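# Descriptive analysis of the structure
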Amino acid sequence: MNVLVVGGGGREHALVWALRRDAPSDTIFAAPGNPGTAALATNLPIPPTAVDQIVGAVLRHDIDVTIVGPEAPLAAGLTDRLREQERAVFGPSAAAAQLESSKAYAKEVMRRAGVPTAASATFADLTPALAYIHDHAEPLVVKASGLAAGKGAVVCATRADAAQIARAMMGGSLGDAGREIVIEQFLQGEELSVLALTDGERLLILPPAQDHKRLGERDTGPNTGGMGAYCPVGIATDELLARVRTEVFEPVLREVAAQGTPYEGVLYAGLMILPDGTPSVLEFNARFGDPEAQALLPALLPGFSEHLVAIAQRRWDPVTSQQALTVERAAVTTVLAARGYPESPEKGVAIRLPGTAELGDDVLVFHAGTYRDNEGRLRTSGGRVLSVTGLGQTVAVAAEASRRCAEKIAFEGKTWRRDIAWREIQRAGAA
Ligand code: AMP
Ligand code: GLY
């Protein structure tokens, strides 16, 4: 089979890695991929949102299944275009992907479906937004409705901060993404990323992961796309996941199907688990998380990628091969970012990346913001440069492996957190 993975980040490297492991004889392409995927697949130099070029490449290379990694090509309609060409593709239609690309839409779907989420209001004009802020208790969270690459949600301690952020977003600080905003109540609790595979009707909940969104250790500093992730997560009990299924995924999938825009692919619910145990939805993503995928995929038994192929080919049976969804080992992923991330990451810095002999066989290194210069030397090209997944029998052991490997990779300005999975390690210590 010929398989194409669209995207070039750490998540896509992990997807290519899982496909290669599960089906060694497949021919795998990545568009555009990165120096990490180049070792496992053929990279095609096409940006993920160049929809016409990707459709052209699918036809030219006779791609059987396309797996879309990032949100931008989903929002740009890549899956719709491929389905018009009768090509199998893993990922929701642009209409269904609005669960991520429009927070206003996601809130409306949740309201209609009765899904627990923070009280909120949506605004396209500044004056009523400012009035709402004036009338509500701080802290408040101001969110750009559109896609903003992890920069779209700002937790504001005071009403004055909220007013300032609302003004900036609606004034165009995030381009068109912030012309419409959602203002919502601040929720206290522990965050959990729960992802479910679905063909539009049936669903399989994947083992949850926990992301570390803040730049600094102990969850301080600005929000980022994610500085690390791990699984399994102790708070994700069977009882909690049963609630997430019946209170979040089932009603949302039913609601979007009833609207004539059934959702197929992977649906990511970013949850706040409230002190009373309620799973409240902070956001939906229409894709795998990054860096959650780099922890989740290596933690699962081989065979996982067959689910993606079967959903794309519309022959999925969620009951068979369910065991591929069992967590076989703990995984902890540490992101190595460039100096200046997330605001203005430094680029072009040389990277020293030791080989497996030095790094050990209990770690996997996934590329994201890297490129090879004319001499073949690895350099940084973006905010999140590499992610390092440590594996082990327990989260503590996996975290230690991840940290040890992260230490050994060198580039100037390397910015990373040594405390990924700290909550879990604390929990295990207290048990
Ligand atoms: P979002 O893009 O909506 O997931 O927001 C990004 C991050 O902002 C989340 O992962 C949370 O850490 C934080 N956040 C978003 N909404 C809220 C909320 N209502 N209460 C507390 N924190 C939030
Ligand atoms: N790590 C959060 C995300 O992928 O959106």
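Up top is the structure these notes are about.
Residues numbered from 1 in each chain as written. Chains lettered and ligands numbered in written order. Predicted model: local features only at pLDDT ≥ 70, side-chain atom pairs only at ≥ 80, totals over all residues. Heavy atoms only, no water.

The next point concerns the overall build of the chain. From N to C terminus, the chain includes 14 helices and 24 strands. Taking 2.2 N^0.38 as the reference for a compact globule, 431 residues should give roughly 22 Å; the C-alpha atoms of the chain span a radius of gyration of 21 Å, in line with that estimate. With the principal axes as the frame, the chain shows a C-alpha extent of 60 × 45 × 45 Å. Expressed as a percentage of its 431 residues, the buried residues of the chain come to 56%. (Helix = DSSP H or I, 4+ residues; strand = E, 2+ residues; numbered from the N terminus. Rg over C-alpha atoms; globule rule 2.2 N^0.38 Å. Buried < 20%, exposed > 50% of the residue type's maximum accessible area, 1.4 Å probe, protein only.)

So, on to the pairing of strand 18 (residues 330–337). Most of strand 18 sits inside the fold, with eight of its eight residues counted as buried. Side chains Ala330, Val332, Thr334 and Leu336 project from strand 18 onto one buried face, and the interleaved Ala331, Thr333, Val335 and Ala337 project onto a second face that is buried too. Alignment of strand 15 (residues 228–231) against strand 18, held across four bridges, turns out to be antiparallel. By the bridge assignment for strand 18, Ala229 is matched with Thr333. (Pairing = 2+ DSSP bridges.)

Attention now goes to empty space enclosed by the protein. This model, assessed by the stated rule, comprises two cavities of 30 Å³ or more. Of the voids in this model, the largest cavity is the one considered here, and its volume is about 60 Å³. Taken together, Lys103, Ala106, Lys107, Met110, Lys143, Val182, Glu184, Leu282, Glu283 and Phe284 make up the lining of the largest cavity. The element contributing the most residues to the lining of the largest cavity is helix 6 (residues 103–113), with four residues. Across the lining of the largest cavity, the residue classes break down as five nonpolar, no polar and five charged. Taken as a whole, the second largest cavity holds about 30 Å³ of empty space. Val68, Leu74, Phe90, Gly91, Pro92, Gly265, Val266, Ala286 and Arg287 are the residues that line the second largest cavity. Among the residues forming the lining of the second largest cavity, the class breakdown is six nonpolar, two polar and one charged. (1 Å grid on protein atoms, 1.4 Å probe; cavity = no way out; pocket = protein on both sides within 12 Å on 5 of 7 lines; lining within 4 Å. Points joined across faces, edges and corners; volume = space filled by probe spheres on them. Nonpolar A, V, L, I, M, F, W, Y, C, P; charged D, E, K, R; others polar.)

Ligand 1 sits among 14 residues. The nearest are Lys143, Glu184, Leu187, Glu191 and Glu283. Side-chain polar atom of Asn223 to an oxygen atom of ligand 1: 3.3 Å apart, as the coordinates give it. In this structure, an oxygen atom belonging to ligand 1 sits 2.9 Å away from a side-chain N or O atom of Glu283. For ligand 1, whose accessible area on its own is 470 Å², the fraction buried by protein is 92%. Considered class by class, the residues forming the shell around ligand 1 number six nonpolar, two polar and six charged. (Near = heavy atom within 4 Å. Polar contact = N/O pair within 3.5 Å; in protein donor to acceptor, adjacent residues only side chain to side chain. Areas by Shrake-Rupley, 256 points an atom, 1.4 Å probe, with all protein chains shown as cover.)

In the neighbourhood of ligand 2, the contacting residues comprise Asp211, Lys213, Gly225, Tyr268, Asn285, Arg287, Gly289, Asp290, Pro291 and Glu292. Gly225 has a polar backbone atom sitting 3.0 Å from a nitrogen atom of ligand 2. Between an oxygen atom of ligand 2 and a side-chain N or O atom of Asn285, the distance comes to 3.3 Å. Starting from 200 Å² of accessible surface for ligand 2 in isolation, the protein chains cover 91%. Grouping the amino acids of the shell around ligand 2 by side-chain chemistry returns two nonpolar, three polar and five charged.

Glancing now at the sheet that holds strand 9 (residues 181–185). Within the open sheet, the four strands sit side by side as 6-9-7-8. Their pairing is antiparallel. Each edge of the open sheet is held by one strand with a lone partner, namely strand 6 (120–123) and strand 8 (153–156). Strand after strand, the sheet turns through a mean of 20° between neighbouring axes, direction not considered. For strand 7 (residues 140–144) and strand 8, the ladder comprises four bridges, and the chain directions are antiparallel. Looking at strand 8, one finds that Val142 is bridged to Val154. Packed on one face of the sheet, helix 6 meets strand 6, strand 7 and strand 9 and runs near 50° to strand 9. With respect to the sheet, helix 8 (residues 159–170) is in contact with strand 6, strand 7, strand 8 and strand 9, its orientation differing from that of strand 7 by roughly 5°. (Axes fitted to C-alpha atoms, helices over the stretch in contact; angles between N-to-C directions. Contact = heavy atoms within 4.5 Å.)

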